[in-house]
Amino acid sequence: GEAIPVDGIVDQGNGLVNESLMSGESMPINKGPGDVVIGGSILLSGYLVVRATRTGKYSLMSQVIQSVRRAQASRLPIQSLIDKVSGIFSWVIISIAIATLLIWKMVLGAPLSTSVIYMASVLVIACPCALGLATPLSVMIGINRAASLGILVRNAEAMEKMPKVKIIALDKTGTLTMGKFSITRIRGDETLRWAASAEAGSNHPIALAIVDEARRRGINVELPSSIDAVDGGIIAHIGSNIVAVGNKKIINGMGISVDPSIQRDADACMGTVIYVILNGELLGFIELRDTIRPEAPQVINWLRRHGIRPVIITGDSEKSAAWVAKELGINDVYSGVSPSEKGDVISELRRSVGDGLIAMVGDGTNDAPAMAAADVGIAMGAGTDIAKEAGDVVLLRNDLTQVARLYDISLKTVHNIRFNIVYAFAYNVVLIPLAAGLLGILIRPELASMAMAMSSISVTLNSLRLRRA
């Protein structure tokens, strides 16, 4: 029944935790030793001893609040246009008011008091404030609604761009798949030991699977003295040995010759193949299989129904990417792509999309260049910090259906803004001539002020509808 006071890691105990304030997921999550808990979430049942890792302004909740405030304060491109229109609008109203005074007094011969009342009614009934409220209010409420569903909008422009997206590029590992690998085959006697030692300092899903398998088999894992990231994998120094672990690119980059029998076995694998090289000689390979996210087929079908083309961009092997693409029915696949090349693929896709925009969904450091190059970058909540920093939107709940929710909320926010703008203009176009006495009706200033207030109230009430989006 108590709130967890700080971000931390569970040291002891087990319990059900409600994290809906952060993820929007109402179902409680079972937490045990080694699991991360978030400050402000509620322990529904059980007992937890938590070791604090982040407090105060460094906590996840504080960072989310700061990001939401920044997003709410940011301006959409349409807001700049509205501000310019409002500036011109004010001078137009002043001109109409003066013309109303002169026409009633000098042309129609009305008393000065009557002419002044008509002029005052025009000034009062005109409502540039409704125009000013039209965009920022909708944006603020739309971002708040997204946050309540576990979608952190870091850049408000993403809300305006998302409905124009025609291609969504998706990373494979950790985005379309669960990112929880199981080892299905090992070629070479010492392959697993050296691979696990090289990967011992990494949090990558593949590295975790390799290290866990080695420890499960009782293999002694040594810690590397240094690790260098290279195109296609890593190179680790373990004692006096140099171990390289990675995909086919690391083989080609080091100029390693592959035994034909090993190559045939590797080519026959349908999963992800990781080669292991010890002191310049190929030891063998490890095949790993990932599982497709259960919600992925539903999301891919949803994208197609809304005229959005899904594309896979991954650094994984062609066979592994092709298997996922076949399972999900995705036709466009870019496999074996390095981090820098992912940005180039986004540029290539942009030439084929015409006036539409491109979004990139990813979770890893290698996805950051593509997310920055895309019109809308979307980071999965369980991804790396650099991926989240590159993303315009962070999906706090690690769930692909949040992409559909983001699109839906963005579309409704844009429609809400447009309705507000059209309403504000229509209100002024209809009521200003009436206030000027076009039909000979005298609308007194106090009634005009009530009508003006109602226009702002109407825009506000329409914006508040987004709370149920």
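Anyway, here's the lowdown on the structure attached to this text.

Cut-offs and rules
- Residues numbered from 1 in each chain as written.
- Predicted model: local features only at pLDDT ≥ 70, side-chain atom pairs only at ≥ 80, totals over all residues.
- Heavy atoms only, no water.
- Buried < 20%, exposed > 50% of the residue type's maximum accessible area, 1.4 Å probe, protein only.
- Helix = DSSP H or I, 4+ residues; strand = E, 2+ residues; numbered from the N terminus.
- Pairing = 2+ DSSP bridges.
- 1 Å grid on protein atoms, 1.4 Å probe; cavity = no way out; pocket = protein on both sides within 12 Å on 5 of 7 lines; lining within 4 Å.
- Points joined across faces, edges and corners; volume = space filled by probe spheres on them.
- Axes fitted to C-alpha atoms, helices over the stretch in contact; angles between N-to-C directions.
- Parallel < 35°, antiparallel > 145°, perpendicular 65-115°, else oblique.
- Left-handed = near helix turned anticlockwise from the far one by under 90°.
- Contact = heavy atoms within 4.5 Å.
- Nonpolar A, V, L, I, M, F, W, Y, C, P; charged D, E, K, R; others polar.
- Phe/Tyr/Trp six-rings, centres within 6.5 Å; stacked < 30°, edge-to-face > 60°.

1. Some remarks on the pairing of strand 15 (residues 357-362)
Counting buried positions over the 6 residues of strand 15 gives 6, a clear majority of the element. Alternating positions in strand 15 separate into two faces, Leu357, Ala359 and Val361 on one and Ile358, Met360 and Gly362 on the other, with burial throughout. Both strand 6 (residues 165-170) and strand 15 contribute to a ladder of 5 bridges, which runs parallel. Opposite Leu170, over in strand 15, you have Val361 as the bridge partner. As defined by bridge partners, strand 15 adjoins strand 16 (residues 376-380) across 4 bridges and the pair is classed as parallel. Bridge pairing links Gly362 to Ala379 in strand 16.

2. Remarks on empty space enclosed by the protein
Throughout the structure, instances matching the rule amount to 1 cavity of 30 Å³ or more. Each pocket or cavity is described by its volume, and for the largest cavity that value is around 40 Å³. Lining the largest cavity, in full, are Lys172, Phe181, Met270, Gly271, Thr272, Leu288, Arg289, Asp290, Ser320, Trp323 and Val324. Looking at the lining of the largest cavity, the elements that each hand over two or more residues are strand 12 (281-289) and helix 13 (318-328). No other element matches the 3 residues that helix 13 contributes to the lining of the largest cavity.

3. Remarks on the packing of helix 8 (residues 191-199) against helix 9 (residues 205-216)
With their axes 9 Å apart at the nearest point, helix 8 and helix 9 run at an angle of 125 degrees to one another. With respect to their mutual orientation, helix 8 and helix 9 come out oblique. Pair helix 8 / helix 9 crosses with left-handed handedness. Residues Leu192, Ala195, Ala196 and Glu199 of helix 8 lie in contact with helix 9, whose contacting residues are Ala207, Ile210, Val211, Glu213 and Ala214. Tallied by class, residues from the contact of helix 8 with helix 9 come to 7 nonpolar, no polar and 2 charged.

4. As for the layout of surface pockets
Put simply, the second largest pocket is a space of about 330 Å³. Considering the residues around the second largest pocket, the lining is formed by 17 residues, among which Lys248, Tyr275, Ser317, Glu318 and Lys319 are closest to the centre. Those elements giving two or more residues to the lining of the second largest pocket turn out to be helix 10 (248-254), helix 11 (260-268), strand 11 (272-278) and helix 13. A class-by-class count of the residues in the lining of the second largest pocket yields 4 nonpolar, 7 polar and 6 charged.

5. Some thoughts on the sheet that holds strand 13 (residues 309-313)
On the basis of which strands lie adjacent, the open sheet formed by 7 strands has the order 5-17-16-15-6-13-14 and mixed pairing. Across the chains shown, the open sheet's two edge strands, defined by having one partner strand only, are strand 5 (151-153) and strand 14 (332-334). Across the sheet, the mean angle from the axis of one strand to that of its neighbour is 20 degrees, orientation sign disregarded. Here 3 bridges tie strand 16 to strand 17 (residues 393-395), and the two strands are oriented parallel to one another. Counterpart to Ile378 in the pairing with strand 17 is Val393. The strands touched by helix 14 (residues 339-352) are strand 6, strand 13, strand 14 and strand 15; relative to strand 13, the strand with the most contacts, the crossing angle is about 155 degrees.

6. Some remarks on the packing of aromatic side chains
Under the criterion given, the structure shown has 5 aromatic pairs. Residues Trp104 and Tyr118 carry aromatic rings whose centres are separated by 4.2 Å and whose planes lie at 5 degrees to one another, so their mutual orientation is stacked. Here the residue Trp104 occupies a position in helix 3 (residues 77-107), and Tyr118 occupies one in helix 4 (residues 112-125), the gap between them amounting to 14 residues. The exposure classification of Trp104 matches that of Tyr118, with both residues buried. With 5.3 Å between their ring centres and 80 degrees between their planes, Trp302 and Tyr407 make a pair best called edge-to-face. Highlighted residues: Trp302 in helix 12 (residues 296-305) and Tyr407 in helix 17 (residues 401-435), separated in sequence by 105 residues. There is no split in this pair, since Trp302 and Tyr407 are both buried. Ring-pair connections join several aromatic residues into one group, and the members of that group are Phe419, Tyr423 and Tyr427.

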